[in-house]
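Geometric and topological summary
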Amino acid sequence: MKKVLVIGSGGREHAIIDAICKSRWVSQVFAAPGNAGMVKLATCVDIRETEIDKLVDFAMQNEIDLTIVGPEVSLALGIVNAFLNNNLCIFGPTKEAAIIESSKEYAKNLMMKYNIPTATYKVFTVFEEAFSYIKQNKFPIVLKYDGLAAGKGVIIAYTLKEAEQALRSMLLEEHFGKGSVIVEEFLEGEEFSFMCLCNHEQVYPLEMAQDHKRAYDNDQGPNTGGMGAYSPVPFLSSSDKEYALNSIMIPTAKALVQEKRPFCGILYGGLIKTKTGIKVIEFNCRFGDPETEVVLPRLRSDLYEVIMSVLHQKKPVLEWEDFSTIGIVLASKGYPEQYKKGYVIHGADQNHIYHMGTTLDEQGQYLTAGGRVLFVVEKGSTLEEANHKALQMIESIHCENLFHRTDIGKRILKK
Ligand code: AMP
Ligand code: GLY
């Protein structure tokens, strides 16, 4: 029997652990650092996702058979390089391949070079140059800080004033650190998330999901790491899916091989269906959060077997349940900006809940411990049914400092 280590501490990792625990091969699961919601399924180890040397030592000492990496920060720091140097089995891209997410400029240049459809763009490091470029362009316009900003470094500016303010904060005040800004054409359409298992040129698609990035109902408020998601995605035809796979994901995997940065792990396409075709908004080098929490519950196949097949360059068996899933984030009031932690949550210890940011106090009560706190996932024979059940489930969770969106999937249901 096999031992698996999952790196990370959010809802995504909770969902990975939930799926991996169902494997017929796996007897023991560890999470580093894990969270309060996982303790029934996994042994939480007090090592942070950035402590690469300690994670290597832990995996060696405990004879871990497979390590699965959740967060991009560990990948960008080279956790995969370090594990491979020590002959440890790990699923995720090397630091060199993770650049597809860690540098937006690299990703954009790669797409240009290999004709992968994406928004037109220009990169700036000097405020005045960016500002004069923006003045000549039409609005809305998209400004992206280049670097890891956990989904929050993107501003869609509708007016020159908004654009100026964002540029100032990114280039003059260095709000996120020293970096560059990509100014990009605004694309209009429905976004969706396409996660593919990838090993060099081999690419195997997972089921599609749609995330909801804005903080409040009707897509109002600031961009967040994601406030809810559902799977499958009804507005995608089979030819859309073929296009996304054959004209975007496979060419990108091949391009990374060409560039001597072969990718192994989850290649995540943040795609958008526009009037002029499907285009790339961004790539991530890891499982999406919260998309993973709605996609993995639909996987009928054994996740351990799937990952090991991909690592051995064999085609995995990927079978999916027919039901739909919808998941809704319960977030701390104030998220994605300032928020307080430490509020007691009642009803967090139920099935269908993945913990995103919780901790246990001495009395064994769950406390809020992050911006995104819980993720409630429900299944249904239709998206409507799943949505209804998820909203009902939320009624049984009580905490004075949480809010959630009530319209996850609804825009699509109305169409
Ligand atoms: P990113 O971090 O690049 O995924 O951007 C976060 C979010 O900003 C995306 O999910 C989109 O909703 C929005 N966004 C980013 N780029 C564009 C674009 N070129 N056009 C329209 N919306 C965008
Ligand atoms: N849900 C978006 C992401 O994982 O980046």
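What comes next concerns the included structure. Predicted model, so just to flag it, every value in this text is computed and none were measured.

1. Brief notes about the site of ligand 1
Surveying the vicinity of ligand 1 reveals 15 residues, the closest of which are Glu-184, Glu-185, Leu-187, Glu-191 and Glu-282. One nitrogen or oxygen atom from the side chain of Glu-184 is found 2.7 Å from a nitrogen atom belonging to ligand 1. In this structure, Glu-282 approaches ligand 1 through a side-chain N or O atom, which is 2.9 Å from an oxygen atom. A total of 470 Å² of accessible area belongs to ligand 1 in isolation, and the protein chains cover 95% of it. Elements supplying a minimum of two residues to the shell around ligand 1: β7 (141-145), β8 (154-157), β9 (181-185) and β17 (277-284). In terms of residue class, the shell around ligand 1 is made up of seven nonpolar, one polar and seven charged.

2. Digging into the environment of Ser-9
Tracing the backbone through its elements, the reader meets Ser-9 in the loop between β1 (2-8) and α1 (11-21). Sequence separation of Ser-9 and Met-38 is 29 residues, and the distance between their C-alpha atoms is 8.9 Å. Look past the residues within four positions of Ser-9 in its chain and what remains in contact with it is Pro-33, Gly-34, Asn-35, Met-38, Glu-49 and Met-356.

3. Considerations on the pairing of strand β10 (residues 190-199)
Burial of β10 is extensive: nine of the ten residues sit out of reach of the surface. As paired strands, β10 and strand β11 (residues 202-205) are joined by four bridges and run antiparallel to one another. From the neighbouring strand, Cys-196 faces β11, where its bridge partner is Pro-205. The turn linking β10 back onto β11 is made up of two residues, and His-200 within it adopts a positive phi angle of 50 degrees.

4. Focus on the layout of surface pockets
Space inside the second largest pocket adds up to approximately 610 Å³. Taken together, 30 residues form the lining of the second largest pocket, with Asp-18, Lys-22, Asn-351, His-352 and Tyr-354 sitting closest to its centre. Listed by contribution, the elements that provide at least two residues to the lining of the second largest pocket are α1, β20 (353-355) and β23 (372-380). The residue makeup of the lining of the second largest pocket, split by class, is 14 nonpolar, eight polar and eight charged.

5. Section: the sheet that holds β8
Spatially, four strands are ordered β6-β9-β7-β8 in an open sheet, and the strand pairing comes out antiparallel. Sheet topology places β6 (121-124) and β8 at the edges, where each strand pairs with a single neighbour. Strand-to-strand twist in this sheet, taken as the mean axis angle between neighbours without regard to direction, amounts to 20 degrees. Here four bridges tie β7 to β8, and the two strands are oriented antiparallel to one another. Residue pairing in the sheet places Ile-141 in a bridge with Ala-157 of β8. Helix-sheet contacts for helix α8 (residues 160-172) involve β6, β7, β8 and β9, and the interaxial angle to β7 is about 10 degrees.

6. Section: the sheet that holds strand β3 (residues 43-44)
Taking strand neighbours across the sheet as the criterion, the five strands line up as β3-β2-β1-β4-β5 in an open arrangement whose pairing is parallel. Since the sheet does not close on itself, it has two edges, and those belong to β3 and β5 (90-91), each with one partner. Bridge analysis of β1 against strand β2 (residues 26-33) gives seven bridges, and the strand direction is parallel. Bridging from a neighbouring strand, Ile-7 pairs with Ala-32 of β2. Taken strand by strand, α1 contacts β1, β2 and β4 (66-69), and its axis lies near 170 degrees from that of β1.

7. A look at the pattern of salt bridges
When their charged atoms lie close together, side chains carrying opposite charge are able to pair. Evaluated as defined, the whole model comprises 21 salt bridges. Linking Lys-22 and Asp-18 is a salt bridge whose minimum nitrogen-to-oxygen distance equals 3.8 Å. Judged by relative accessible area, which is 64%, Lys-22 ranks as exposed. Here Glu-282 and Lys-104 are joined by a salt bridge, their closest N and O atoms 3.9 Å apart.

8. Remarks on the site of ligand 2
The immediate surroundings of ligand 2 are formed by Asp-211, Lys-213, Gly-225, Tyr-268, Asn-284, Arg-286, Gly-288, Asp-289, Pro-290 and Glu-291. At 3.0 Å, a side-chain N or O of Asn-284 approaches an oxygen atom of ligand 2. Taking Asp-289, its main chain carries an N or O atom lying 2.9 Å from a nitrogen atom of ligand 2. Coverage of ligand 2 by the protein chains reaches 91% of its 200 Å² of free accessible surface.

9. Quick look at the packing of aromatic side chains
Counted by the stated rule, this structure contains six aromatic pairs. Each ring, one from Phe-124 and one from Tyr-133, has its centre 5.2 Å from the other, and the planes form 45 degrees; the classification is tilted. Residue classification places Phe-124 among the buried positions, given a relative accessible area of 6%. Ring plane angle 15 degrees and centroid distance 5.7 Å describe the contact between Phe-127 and Phe-131, whose orientation is recorded as stacked.

10. Some points on the environment of Asn-115
Following the sequence through the fold, Asn-115 ends up in the loop between α6 (104-113) and β6. The exposure class of Asn-115 is exposed, given its relative accessible area of 69%. Sequence separation between Asn-115 and Gly-370 is 255 residues; the distance between their C-alpha atoms is 39 Å.

11. Quick look at the nonpolar core
Counting residues in each nonpolar core, the largest one holds 75 residues, and the members touching the most others are Ile-79, Ile-100, Met-249 and Ile-345. The leading source of residues in this core is helix α9 (residues 238-258), at eight residues. Residues contacting Met-249, with those up to four places away along its chain left out, are Phe-194, Cys-196, Val-203, Ala-244, Leu-267, Tyr-268, Gly-269 and Phe-283. Leu-296, Val-310, Ala-331 and Val-377 belong to the second largest nonpolar core, which has 44 residues in total.

12. What about the side chain of His-212?
Turning to its location among the elements, His-212 is positioned in the loop between β12 (210-211) and β13 (214-216). Polar side-chain contacts of His-212 include one of 3.1 Å to the backbone nitrogen of Gly-409. With residues up to four places along the chain from it excluded, the contact list for His-212 reads Thr-224, Gly-226, Met-227, Gly-228, Ala-229, Tyr-230, Arg-405, Asp-407, Ile-408 and Gly-409.

The rules behind each value
- Residues numbered from 1 in each chain as written.
- Chains lettered and ligands numbered in written order.
- Predicted model: local features only at pLDDT ≥ 70, side-chain atom pairs only at ≥ 80, totals over all residues.
- Heavy atoms only, no water.
- Near = heavy atom within 4 Å.
- Polar contact = N/O pair within 3.5 Å; in protein donor to acceptor, adjacent residues only side chain to side chain.
- Areas by Shrake-Rupley, 256 points an atom, 1.4 Å probe, with all protein chains shown as cover.
- Helix = DSSP H or I, 4+ residues; strand = E, 2+ residues; numbered from the N terminus.
- Nonpolar A, V, L, I, M, F, W, Y, C, P; charged D, E, K, R; others polar.
- Contact = heavy atoms within 4.5 Å.
- Buried < 20%, exposed > 50% of the residue type's maximum accessible area, 1.4 Å probe, protein only.
- Pairing = 2+ DSSP bridges.
- 1 Å grid on protein atoms, 1.4 Å probe; cavity = no way out; pocket = protein on both sides within 12 Å on 5 of 7 lines; lining within 4 Å.
- Points joined across faces, edges and corners; volume = space filled by probe spheres on them.
- Axes fitted to C-alpha atoms, helices over the stretch in contact; angles between N-to-C directions.
- Salt bridge = Lys/Arg side-chain N within 4 Å of Asp/Glu carboxyl O.
- Phe/Tyr/Trp six-rings, centres within 6.5 Å; stacked < 30°, edge-to-face > 60°.
- Core = buried A, V, L, I, M, F, W, Y, C linked by side-chain atoms within 4.5 Å.

Without other data, these values stay purely geometric and don't point to any function.
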